[in-house]
Amino acid sequence: MVEVMYGPMQLLVIVFDNPDFHGQIRRELESVMEKGLIRLIDLVFLWKDAEGNVAAMEATQLDEEERMRFGAVVGGIMGFGAGGEAGAIEGMEAGALAAARENYGITDEDIMDITEAIPENSAAGLLIIEHLWAKKLKQAIADAGGVLVTQGMITPELLALVGAELAEAVEAAEKKEQEPAAATA
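This is a predicted model, so every value here is computed, not measured. (Residues numbered from 1 in each chain as written. Predicted model: local features only at pLDDT ≥ 70, side-chain atom pairs only at ≥ 80, totals over all residues. Heavy atoms only, no water.)

Looking at this structure, I do not really get the overall build of the chain. What am I missing?
Assigned secondary structure in the chain consists of five helices and four strands. Going from the N terminus to the C terminus, the chain shows its helices and strands as β-α-β-β-α-α-β-α-α. Going through the 185 residues of the chain one by one, you find that 29% of them count as buried. Look at the contacts in the chain between residues 6 or more apart in sequence, and 73% of them connect residues 24 or more apart. Accessible surface, the chain as shown: approximately 12,700 Å² in total, 60% of it carbon and sulfur. (Helix = DSSP H or I, 4+ residues; strand = E, 2+ residues; numbered from the N terminus. Buried < 20%, exposed > 50% of the residue type's maximum accessible area, 1.4 Å probe, protein only. Contact = heavy atoms within 4.5 Å. Areas by Shrake-Rupley, 256 points an atom, 1.4 Å probe, with all protein chains shown as cover.)

Next comes the structure, spelled out in structure tokens:
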């Protein structure tokens, strides 16, 4: 049995129009981190004022050794997917180098792209979090011979949108069923 090193990771990109920060996001992140539910791999907040000036803040819960290991693991996985075993070795080296430069997963290019994309008087947050609560579940799945094939996040907003589309489809189908009956009557 190979022990699961990491829980599932999630990237969140959030845009704030006319941001009104009062520490509520920081407090909630601290709460879930203190409870051991998530670990903050990388966080970048960007603010752009009316003149286009940008301020940024970055944070992580990883120490230097974890940054190096995390960077090497992520780089190796990405390299393996792109170029097999040789790609994995190259990816591990690149990932460790990126981590040494305190780039935990969100690249300088990512930050520049988002900075350019957000309008004045707005902000953006990029977070990479590890779901620590899911490590034991992930281990149990692996121990049972299971392999994760795909995953995604379903939000209440998405369900509401799908529900509205489903209601429209049902209404259209009901109208279509009634049309032939009306024509033959």
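Any chance you could explain the layout of surface pockets here in plain terms?
To find leftover empty space, a probe the size of one water molecule is rolled over the atoms. Here the second largest pocket defines a volume of roughly 250 Å³. Taken together, 15 residues make up the lining of the second largest pocket; nearest its centre are Ile 25, Arg 26, Leu 43, Phe 45 and Met 57. Contributions of two or more residues to the lining of the second largest pocket are made by helix H1 (24-34), strand S2 (38-48) and strand S3 (54-59). A class-by-class count of the residues in the lining of the second largest pocket yields 10 nonpolar, three polar and two charged. (1 Å grid on protein atoms, 1.4 Å probe; cavity = no way out; pocket = protein on both sides within 12 Å on 5 of 7 lines; lining within 4 Å. Points joined across faces, edges and corners; volume = space filled by probe spheres on them. Nonpolar A, V, L, I, M, F, W, Y, C, P; charged D, E, K, R; others polar.)

Sorry, what's going on with the sheet that holds strand S1 (residues 9-17) here?
Pairing between sheet strands relies on hydrogen bonds along the backbone, with the strands arranged either parallel or antiparallel. Overall, antiparallel pairing links the four strands, which are arranged S1-S4-S2-S3 in an open sheet. One side of each edge strand has no neighbouring strand; the edge strands of this open sheet are S1 and S3. Taken over all neighbouring pairs, the strand axes of this sheet differ in orientation by 10° on average, direction set aside. Of the strand pairs in this sheet, S1 and strand S4 (residues 122-131) are connected by nine bridges, and their pairing is antiparallel. Note that in S4 the partner of Leu 12 across the bridge is Leu 127. Along the sheet face, helix H3 (residues 108-117) touches S1, S2, S3 and S4 and points at about 40° away from the line of S2. (Pairing = 2+ DSSP bridges. Axes fitted to C-alpha atoms, helices over the stretch in contact; angles between N-to-C directions.)

What is the right way to read the pattern of salt bridges from this model?
Side-chain pairs of opposite charge can arise where the charged atoms are in close proximity. Scanning the entire structure with this criterion turns up three salt bridges. Glu 30 is the partner of Arg 26 in a salt bridge, and the nearest nitrogen-oxygen pair spans 3.4 Å. Note that Arg 26 and Glu 30 are positioned in helix H1 at a spacing of four residues, about one turn of the helix. According to the relative accessible area criterion, Glu 30 is partly exposed, its value standing at 32%. Its salt-bridge partner being Lys 175, residue Glu 171 comes within 3.8 Å of it at the nearest N-O pair. Linking Glu 171 with Lys 175, this pair stays in helix H5 (residues 156-184), spanning four residues, or about one helical turn. On the basis of relative accessibility, which here comes to 45%, the residue Glu 171 falls in the partly exposed class. (Salt bridge = Lys/Arg side-chain N within 4 Å of Asp/Glu carboxyl O.)

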